[in-house]
Amino acid sequence: MKRLIEMEIARHDWGAMLCGCGGSAEHLAEDLLRLAGRGPSREPSHVSFEEHVWCPAILWEPAPAVTSVALAALADDVAPRARGWFLDLLQCTVAGEGTDWGSAGRGLDLPELCRSLAVQGIWLLYEEVMANRSPGDAGVAFEILTVVEPDRVRLQGVREIAADWLPVCCRTGLCDDDLLSQSTDLA
């Protein structure tokens, strides 16, 4: 059994990070282990990271560390259900629009940091799309790629290959980050 999640969690000083809940982010390490099925019950358990790592408007300090752990989960042996939860979590971090005040005051751009980390794991996302283990998960992975993939030609090629199992928004380009910015420029 791979232990990439545990290794990646151990790399970060969770206690030194300020969580979105206002306390230390130390509890997030345990939450990530539970999500992966590496907690006491040994079964994946859904954990909400909203208001701890992200909210619809901003990301908090632990977001880049959580992004790294989510990518490690995609390379690790996790249950399909947990894999989907990590993809959802990754999607929330790469789609972030702002940085909490404390991190911004230190010059951090958390959404950009999370997207940069996701680019480092881009082949994990492509593998998730092409493996088609779950149409929903393939769609989420593709939507993440629309935000982080700088090579739009490669993205279009995968869209064409995977068209039979991607959701309509992915097949048609409606979820593409650059398409959305073009439509707002026209308004």
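Small disclaimer: the values here were computed from a predicted structure and weren't measured.

Asker: How should the nonpolar core be read in this particular structure?
Answerer: Side chains that are nonpolar tend, in soluble globular proteins, to be buried together. Counting 54 residues, the largest nonpolar core has Trp-14, Leu-32, Phe-49 and Leu-125 as its most contacted members. When residues of this core are traced back to their parent elements, those giving at least two are helix H1 (4-10), helix H2 (26-36), helix H3 (63-75), helix H4 (80-94), helix H6 (110-120), helix H7 (122-131), helix H8 (135-148) and helix H9 (152-161). With 8 residues, the top contributor of residues to this core is H3. The contacts of Trp-14, once residues within four sequence positions are left out, are Ile-9, Ser-24, Ala-25, Glu-26, Leu-28, Ala-29, Leu-32, Pro-62, Ala-65, Val-66 and Val-69.

Asker: When you look at the pattern of salt bridges in this model, what are you seeing that I'm missing?
Answerer: Side chains that differ in charge, positive against negative, can pair when their charged atoms come close. Overall, the coordinates contain 11 salt bridges when judged by the stated rule. With its nearest N and O atoms 3.2 Å apart, the salt bridge here joins Arg-34 to Asp-31. With a gap of 3 residues between them, Arg-34 and Asp-31 both fall in helix H2, about one helical turn apart. When its relative accessible area of 34% is taken as the criterion, Arg-34 is described as partly exposed. In this structure, Glu-128 engages Arg-133 in a salt bridge whose closest nitrogen and oxygen atoms are separated by 2.9 Å. Take Glu-128: its relative accessible area is 1%, and that puts it in the buried class. Look at the salt bridges and you will find they share partners, linking Arg-3, Glu-6, Arg-38 and Asp-76 into a network.

Conventions used here
Residues numbered from 1 in each chain as written. Predicted model: local features only at pLDDT ≥ 70, side-chain atom pairs only at ≥ 80, totals over all residues. Heavy atoms only, no water. Core = buried A, V, L, I, M, F, W, Y, C linked by side-chain atoms within 4.5 Å. Buried < 20%, exposed > 50% of the residue type's maximum accessible area, 1.4 Å probe, protein only. Helix = DSSP H or I, 4+ residues; strand = E, 2+ residues; numbered from the N terminus. Contact = heavy atoms within 4.5 Å. Salt bridge = Lys/Arg side-chain N within 4 Å of Asp/Glu carboxyl O.

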